[in-house]
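So the chains spell out like this:
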Amino acid sequence: MDETPPPPPEEQTPPPPPPTSHTGSPTDFLKGVVGKRVIVRLTSGVDYRGVLSCLDGYMNIALEQTEEHVNGVVTNRYGDAFIRGNNVLYISAAEDL
């Protein structure tokens, strides 16, 4: 028997465009997101979303208008939140830079 692969479906969705690449150092990124909305992921898996007001060289972070998200659900809202740097896994921009 001659087994040929089935023809591809007629409607194939094109692959998504590659993410916009930003060049620069992590320091440049962090300076660029001060005053903007960010997502801070802790090593525990909890996310904090808010406006980055400041941070230091130890990655200690001060957020304003902060929401705490556990498993994608808002669990608390805080005016200001201070996060110790050794708990931070990453900081991500929540809005376009």
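Because the structure is predicted, anything quoted here is derived from the model rather than measured.

Re the environment of V74
- Turning to its location among the elements, V74 is positioned in strand β4 (residues 73-83).
- Judged by relative accessible area, V74 falls into the partly exposed class, the value being 32%.

A closer look at the pairing of β4
- As paired elements, strand β3 (residues 61-70) and β4 share nine bridges and run antiparallel to each other. Bridge pairing in β4 places E68 opposite N76.
- Linking two consecutive strands that pair antiparallel, namely β3 and β4, is a turn of two residues; a positive phi of about 55 degrees is found at N71 within it.

Re the environment of V38
- Within the secondary structure, V38 is located in strand β1 (residues 37-42).
- The spacing of V38 and L63 is 25 residues in sequence and 8.8 Å in space, taken between C-alpha atoms.
- Beyond its immediate sequence surroundings of up to four residues, V38 is in contact with V33, Y48, R49, G50, L52, L63, I91, S92 and A94.

Focus on the side chain of H69
- Tracing the chain through its elements places H69 in strand β3.
- In this structure H69 comes out as buried when scored by relative accessible area, which is 9%.
- In terms of polar contacts, H69 uses its side chain to reach the side chain of E67, at 3.2 Å.
- The contact partners of H69, leaving out residues within four places of it in the chain, are V46, D47, R49, V74 and T75.

Things to note about the sheet that holds strand β2 (residues 47-55)
- Spatial strand order, β4-β3-β2-β1-β5: five strands in an open sheet with antiparallel pairing. Taken across any chain shown, the strands that pair with only one partner, and hence form the sheet edges, are β4 and β5 (88-93). The sheet shows a mean angle of 25 degrees between the axes of neighbouring strands, direction not considered.
- Summarising the sheet, β1 and β5 pair through five bridges and their orientation is antiparallel. Opposite I39, over in β5, you have S92 as the bridge partner.

Parameters at a glance
- Residues numbered from 1 in each chain as written.
- Predicted model: local features only at pLDDT ≥ 70, side-chain atom pairs only at ≥ 80, totals over all residues.
- Heavy atoms only, no water.
- Helix = DSSP H or I, 4+ residues; strand = E, 2+ residues; numbered from the N terminus.
- Buried < 20%, exposed > 50% of the residue type's maximum accessible area, 1.4 Å probe, protein only.
- Pairing = 2+ DSSP bridges.
- Contact = heavy atoms within 4.5 Å.
- Polar contact = N/O pair within 3.5 Å; in protein donor to acceptor, adjacent residues only side chain to side chain.
- Axes fitted to C-alpha atoms, helices over the stretch in contact; angles between N-to-C directions.

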